[in-house]
Each structure stands twice: as C-alpha cells, then as structure tokens.
Amino acid sequence: MELRGWVEFDGIVLSNEEISSILIEEPDKISLFGGEFFLKWKSCSARDHYGIILGDCPAGEVWCNGRKIRAIEPKSRSLDLHAAIVDSIRMRSEEGVTALSGGVDSALVAALAQKPCISVGVEGSHDLKRAGKVAGELNLPLEIRTVTSCEIEETIPKVMKIIKDPTPVDLAIATTLFFVAETAHDEGYERILTGQGADEVFGGYSRYLGKNEEQLTSTFSADFSSLSRQGIRDQAVAGYHGTWLSMPYLDIRVVCAASTIPVTEKVSEGVRKRPLREIAARYLSSETAYYEKKAMQYGTGIWKEIKRLARQNGYQNSVSDYMHHIRKA
C-alpha cells in the first residue's frame, strides 16, 4: 500500500496498519474515509472527497482495474463551526509547518496547530512584516524566506512548466507557493498547513461586498467550484519539492458547518468572513482577527516584481506577453 497524505475514520486518524487492515477486511469502509489522501494498493487507487491530494483517479472515487467501484463520501459529524475548525486543525497538527502570511486565515491555523511557521516575500513586504508580528504574538518560531528579484526571474520558467496553461494570476500565486514549498522542504517538512479555502468557504474576496443574498449565493457557488482547479495548480507546485498542502478550511466538517450559516451572515456590514473572524478572536488579538490583508501574490510583493520583470523585458503593460516570451525562449 502507498499513501500520500493522511486518512481518518469517524474523527480518528488511522495508522498505515489500520488502513491496510480495512482495505483487506472491510473494503466497504473506504467509502467513509476522510482526510487528505491518495491511496494506491494492488490494482486500486482512491482519492479524498475533495481531491486535495493529487492522484491518478478522480477526486472522491475508488478505482480498481480501470473502473470506478465506489464513491468516497465521508459522513460529517454534526458540529458547530468552532468545533469543526478546532477538530480539522487538530487532526492535521501531528507534524508539519504552517505557512503564515499574517492574515486571519493562516493566523488561526497557526494559533491552533502550534507548529513552526514559515513566511515568504520580497524584502520589506507586507506579508513578512505581518507574519513576524503574528508569530511574535503567538510565541511561535518563524522561518523567514526573503526572495530576491533574481530568484523570482529564475523561478518563473520552472513554474510555467509545472502548471498547465497558467494565467498571470496563476503564475503569481504559484510562484509564491513555489518558495513556500521550497523553504518547507529545505527545513525538513513535507506537510504544509495553509489557510487556503477560507475565502471561498466564508466569503473573503472584495467582490462579495455590496451583493444581495441571491448574488452572494451565486458567487459563493462559483468560487467553491473553482477550488478544484486551484488545488491542481497549488499541489503540483508543492509536489515539485516533495511537499503537499494541508487545508483545514476544506475539511468536510468545516465545509458542512459553514454551509449552515446564511451567506448574509458570512459577509455583513462590510465585514468579510465574519463567522471565521469571530472564532479567531478567541485565539488571536482583535486587531489580527479583523485585519484585512492583501492576497498572497500582492502581500508578498511577488506580483509587483513579476510586473517589473515584464517591463524590464520590454512588455510594459502585459504580463501575458512576457509569459509568452518565456514559453518561446
């Protein structure tokens, strides 16, 4: 049996021996496996419900001898959002490192996981400053990776080979995660806990503001659907360095608990991700819990540097043209 990631059953993380025993003696139980995993045994393979971990079969399915034999649909215990978040992070905290940007999403993960943290960005960037402040508040060790312009320029062609048909935004996000994964690997970690998914589950983007209930519902649905593509992009970059991203906000408990909260309560009175922030305020300073942070590609300064490199190479107004130039090179 080969396992990438981790498996849980009814809230208990399973050992490799326990998984092997179930595969042999109680194979029907595979349908209820939770966690983040790609499993391979004999002529079979299986991936977790949301497809967090990449593999050679579709997300949430079990395949044997080239055909689907069952779906993976873990039951979610009825938990309130606070308990769901605590549980989801607890089960991911046996090992690994937290990617800390200083925003509420990663800060809450860091506070509950109590693992060492890493942060990347160009010198003097917003995220490096915020991560340092939050790590200090939580008294957690922080490895800071200061990225240079030359490193970004050297990394862009590598990223473009790793991910399929990247947009400029994909390139900026994936380049940022490239340095996160590289740093984690260099520090001896395989699992990287992240705050990804929180924006889609709780409504973290600025486009959620000013919408009525019907518009919010539609936007939430569209954004959640986009997570699969994002996951393929992000895990491919992480996997290049022999690491993988663990995402507690995409735990089925959290997703189910969040789905019971009206969208107008997730984004209300100009506050995005309100339910998450209210829980975070129990573990973080109010300033950190309600801090409005820039997206990673902006907060790290990497998007600004990519645009500068495009201009430097003669592409004044188009990162896309700069990317096309790199493909041809």
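What counts, and at which threshold
- Residues numbered from 1 in each chain as written.
- Predicted model: local features only at pLDDT ≥ 70, side-chain atom pairs only at ≥ 80, totals over all residues.
- Heavy atoms only, no water.
- Phe/Tyr/Trp six-rings, centres within 6.5 Å; stacked < 30°, edge-to-face > 60°.
- Helix = DSSP H or I, 4+ residues; strand = E, 2+ residues; numbered from the N terminus.
- Buried < 20%, exposed > 50% of the residue type's maximum accessible area, 1.4 Å probe, protein only.
- Pairing = 2+ DSSP bridges.
- Axes fitted to C-alpha atoms, helices over the stretch in contact; angles between N-to-C directions.
- Disulfide = S-S within 2.5 Å.
- Parallel < 35°, antiparallel > 145°, perpendicular 65-115°, else oblique.
- Left-handed = near helix turned anticlockwise from the far one by under 90°.
- Contact = heavy atoms within 4.5 Å.
- Nonpolar A, V, L, I, M, F, W, Y, C, P; charged D, E, K, R; others polar.
- Core = buried A, V, L, I, M, F, W, Y, C linked by side-chain atoms within 4.5 Å.

Asker: When you look at the packing of aromatic side chains in this model, what are you seeing that I'm missing?
Answerer: Two aromatic rings are characterised by how far apart their centres lie and by the angle between their planes. For the structure shown, the criterion picks out eight aromatic pairs. When the centroid spacing of 6.3 Å and the interplanar angle of 90 degrees are considered together, the rings of Phe202 and Tyr249 count as edge-to-face. Taken together, the residues Phe202 in helix 7 (residues 198–202) and Tyr249 in the loop between strand 11 (244–246) and helix 10 (252–259) connect sequence positions 47 residues apart. Pair check on accessibility: Phe202 and Tyr249 agree, each one buried. Ring geometry for Tyr208 and Phe220: centres 4.7 Å apart, planes at 50 degrees, overall tilted.

Asker: Which parts of the structure should I look at to understand the pairing of strand 3 (residues 34–41)?
Answerer: A regular strand places its side chains on the two faces of the sheet in alternate fashion. The buried count for strand 3 comes to seven of eight residues, which makes it a mostly enclosed element. The pairing of strand 1 (residues 2–9) with strand 3 spans seven bridges and is antiparallel. Note on strand 3: the bridge partner recorded for Glu8 is Gly34. Alignment of strand 3 against strand 4 (residues 44–47), held across four bridges, turns out to be antiparallel. Paired with Trp41 across the bridge in strand 4 is Cys44. Remark: two residues form the turn of the hairpin made by strand 3 and strand 4, two consecutive strands paired antiparallel; Lys42 in that turn has positive phi of roughly 45 degrees.

Asker: What exactly am I supposed to notice about the sheet that holds strand 10 (residues 191–193) here?
Answerer: Hydrogen bonds along the backbone pair up the strands of a sheet, which may run parallel or antiparallel. Reading across the sheet, the five strands line up as 9-8-7-10-11 and stay open at both edges, with parallel pairing between neighbours. Every other strand in the sheet has two partners, leaving strand 9 (142–147) and strand 11 as the edge strands with one partner each. Strand-to-strand twist of the sheet, defined as the mean angle between neighbouring strand axes without regard to direction, takes the value 35 degrees. Across three bridges, strand 10 lies against strand 11 in parallel orientation.

Asker: When you look at the state of the cysteines in this model, what are you seeing that I'm missing?
Answerer: What is meant by a disulfide is a covalent connection between two cysteines, made through their sulfur atoms. Inspection of every chain in the model, using the stated rule, returns one disulfide. A sulfur-sulfur distance of 2.0 Å marks the disulfide that ties Cys44 to Cys64. Residues Cys44 and Cys64 are joined by a disulfide whose S-S torsion is about 115 degrees; by sign, that bridge is right-handed. You can see Cys44 sitting in strand 4 and its partner Cys64 sitting in strand 5 (residues 61–64), a full 20 residues away along the chain. On the accessibility criterion, Cys44 (11% relative accessible area) is buried.

Asker: It is not clear to me how the packing of helix 2 (residues 81–90) against helix 3 (residues 104–113) should be interpreted in this structure. Could you clarify?
Answerer: At their nearest, the axes of helix 2 and helix 3 sit 9 Å apart, and the two run at 65 degrees to each other. When the axes of helix 2 and helix 3 are compared, the pair comes out roughly perpendicular. In this structure, the crossing between helix 2 and helix 3 has a hand that is right-handed. Contacts between helix 2 and helix 3 involve Ile85, Val86 and Ile89 from the first element and Leu108, Val109, Leu112 and Ala113 from the second. Residues belonging to the contact of helix 2 with helix 3 are distributed by class as follows: seven nonpolar, no polar and no charged.

Asker: Looking at this structure, I do not really get the nonpolar core. What am I missing?
Answerer: In this structure, Leu81, Ile85, Ile152, Ile156, Phe202 and Ile306 are the most contacted members of the largest nonpolar core, which totals 77 residues. No other element matches helix 6 (residues 168–186), which puts 10 residues into this core. The residues contacting Ile85, other than those within four sequence positions of it, are Leu108, Leu112, Phe202, Tyr249, Val254, Leu276 and Ile279. Among the nonpolar cores identified, the runner-up in size contains 15 residues, and Leu23, Phe33, Trp41 and Val62 belong to it.

Worth remembering: the numbers are spatial, not functional.
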